[in-house]
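Listed here are the chains, written in short residue letters.
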Amino acid sequence: MSIYQCKSVKSSGTNYKEVYRGAFGLYREIKRKTKRRPYIRSAYFRKEKIFLGLYWQHLEDHFSQNDKTRRLKFFGCGLELIQKSKYEPTSKENPNKPSEILHRFMGITKNKETFKVQIKEDKRSGEKFLISIFPG
């Protein structure tokens with residue numbers, strides 16, 4: 001598995017409010033560009049749309065405040081990886097739902113910190129959703 005080298009660094013900040021403000025600011029810029037569901041285009045998936053709304057819902061539902069802060073620091077790097085990386089991810093069928101495929105990309109920040117980006121693909125519709133960005 002190849003690792004994508006990002007040009008950006010992870011967000012700075014010590015508490016949730018600081019990190020959330022920066023990450024949600026990036027999301028708001030993307031959201032402002034469309035009237036419908038916010039998305040970015042992926043280099044690996046031949047410029048197909050990767051929808052971002054599920055990421056925020058998943059983050060709120062499943063993690064503690066400290067874990068959210070740790071994950072949100074890599075949001076900008078994760079978006080860069082999705083938009084520019086052409087390296088093949090590790091892909092496997094979701095063990096909980098056979099109608100989904102999970103793609104996991106690996107990246108490394110400018111400061112040599114590794115992280116992973118997970119994208120869920122619906123087999124039936126072919127839609128892709130960003131699920132998670134986390135340190136690796």
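Summary of the structure given here. What you see is a predicted model; the values in this text were computed from it and never measured. (Residues numbered from 1 in each chain as written. Predicted model: local features only at pLDDT ≥ 70, side-chain atom pairs only at ≥ 80, totals over all residues. Heavy atoms only, no water.)

1. Quick look at the overall build of the protein
Okay, so step 1: Secondary structure assignment for the protein yields 4 helices and 7 strands.
Okay, so step 2: In the protein, the succession of α and β elements from N to C terminus is β-α-β-β-α-α-α-β-β-β-β.
Okay, so step 3: For the protein, the C-alpha radius of gyration of 14 Å lies close to 14 Å, the compact-globule estimate for 136 residues.
Okay, so step 4: A buried classification covers 44% of the 136 residues belonging to the protein.
Okay, so step 5: When contacts within the protein are restricted to residue pairs at least 6 apart in sequence, those whose partners lie at least 24 apart make up 57%.
Okay, so step 6: Counting every atom, the protein has about 8100 Å² of accessible surface; 47% of that belongs to carbon and sulfur.
Okay, so step 7: Taken together, the 31 basic and 14 acidic charged side chains of the protein have centroids lying 5 Å from each other. (Helix = DSSP H or I, 4+ residues; strand = E, 2+ residues; numbered from the N terminus. Rg over C-alpha atoms; globule rule 2.2 N^0.38 Å. Buried < 20%, exposed > 50% of the residue type's maximum accessible area, 1.4 Å probe, protein only. Contact = heavy atoms within 4.5 Å. Areas by Shrake-Rupley, 256 points an atom, 1.4 Å probe, with all protein chains shown as cover. Lys, Arg positive; Asp, Glu negative; His and termini not counted. Charge placed at Lys NZ, Arg CZ, Asp CG, Glu CD.)

2. Focus: the pattern of salt bridges
Okay, so step 1: A complete count under the given rule lists 10 salt bridges for this structure.
Okay, so step 2: The salt bridge partner of Lys 10 is Glu 113, with a shortest N-O separation of 3.1 Å. In this pair, Lys 10 is assigned in the loop between β1 (4–5) and α1 (16–32) and Glu 113 in the loop between β5 (100–108) and β6 (114–122), connecting sequence segments 103 residues apart.
Okay, so step 3: By relative accessible area, which is 25% here, Lys 10 ends up partly exposed.
Okay, so step 4: Residue Glu 93 is joined to Lys 123 by a salt bridge in which the shortest nitrogen-to-oxygen separation is 2.7 Å. Of the two residues, Glu 93 sits in strand β4 (residues 90–93) while Lys 123 sits in the loop between β6 and β7 (128–135), which places them 30 residues apart along the sequence. (Salt bridge = Lys/Arg side-chain N within 4 Å of Asp/Glu carboxyl O.)

3. Some words on the packing of aromatic side chains
Okay, so step 1: Going through the model one piece at a time under the given rule, you end up with 15 aromatic pairs.
Okay, so step 2: An angle of 15° between the planes, with centres 5.3 Å apart, marks the rings of Tyr 20 and Phe 24 as stacked. Note that Tyr 20 and Phe 24 are positioned in helix α1 at a spacing of 4 residues, about one turn of the helix.
Okay, so step 3: Looking at Phe 24, the relative accessible area reads 22%, which means it is partly exposed. (Phe/Tyr/Trp six-rings, centres within 6.5 Å; stacked < 30°, edge-to-face > 60°.)

4. Structural notes on the environment of Thr 109
Okay, so step 1: For Thr 109, the location among the structural elements is in the loop between β5 and β6.
Okay, so step 2: In this structure Thr 109 comes out as buried when scored by relative accessible area, which is 0%.
Okay, so step 3: Between the C-alpha atoms of Thr 109 and Phe 45, which are 64 residues apart in sequence, the distance is 22 Å.
Okay, so step 4: Ignoring sequence-local partners within four residues, the contact set of Thr 109 consists of Gln 5, Cys 6, Ser 8, Lys 10, Phe 74, Cys 77 and Phe 115.

5. Topic: the environment of Ile 108
Okay, so step 1: Mapped onto the secondary structure, Ile 108 falls in strand β5.
Okay, so step 2: With 21 residues separating them in the primary sequence, Ile 108 and Phe 129 have C-alpha atoms 21 Å apart.
Okay, so step 3: Those residues within four positions of Ile 108 in sequence are excluded, and the remaining contacts are Ile 3, Tyr 4, Gln 5, Cys 6, Glu 113, Thr 114 and Phe 115.

6. Overview of a positive patch on the surface
Okay, so step 1: A cluster of basic residues, Lys 35, Arg 36, Arg 41, Lys 47, Lys 49 and Lys 86, forms a positive patch on the protein surface.
Okay, so step 2: Taking the relative accessible area as the measure of exposure, Lys 49 reaches 34% and is therefore partly exposed. (Patch = residues over 30% accessible without salt bridge, like charges linked within 9 Å, V, L, I, M, F, W, Y side chains within 5 Å.)

7. Looking at unusual backbone geometry
Okay, so step 1: Phi is positive for Lys 47, which is not a glycine, with a value near 60°.
Okay, so step 2: Even without glycine at this site, Lys 112 takes up a positive phi of about 65°.
Okay, so step 3: Looking at the secondary structure, you find Lys 112 in the loop between β5 and β6.

So yeah, pure geometry; function would need other evidence.
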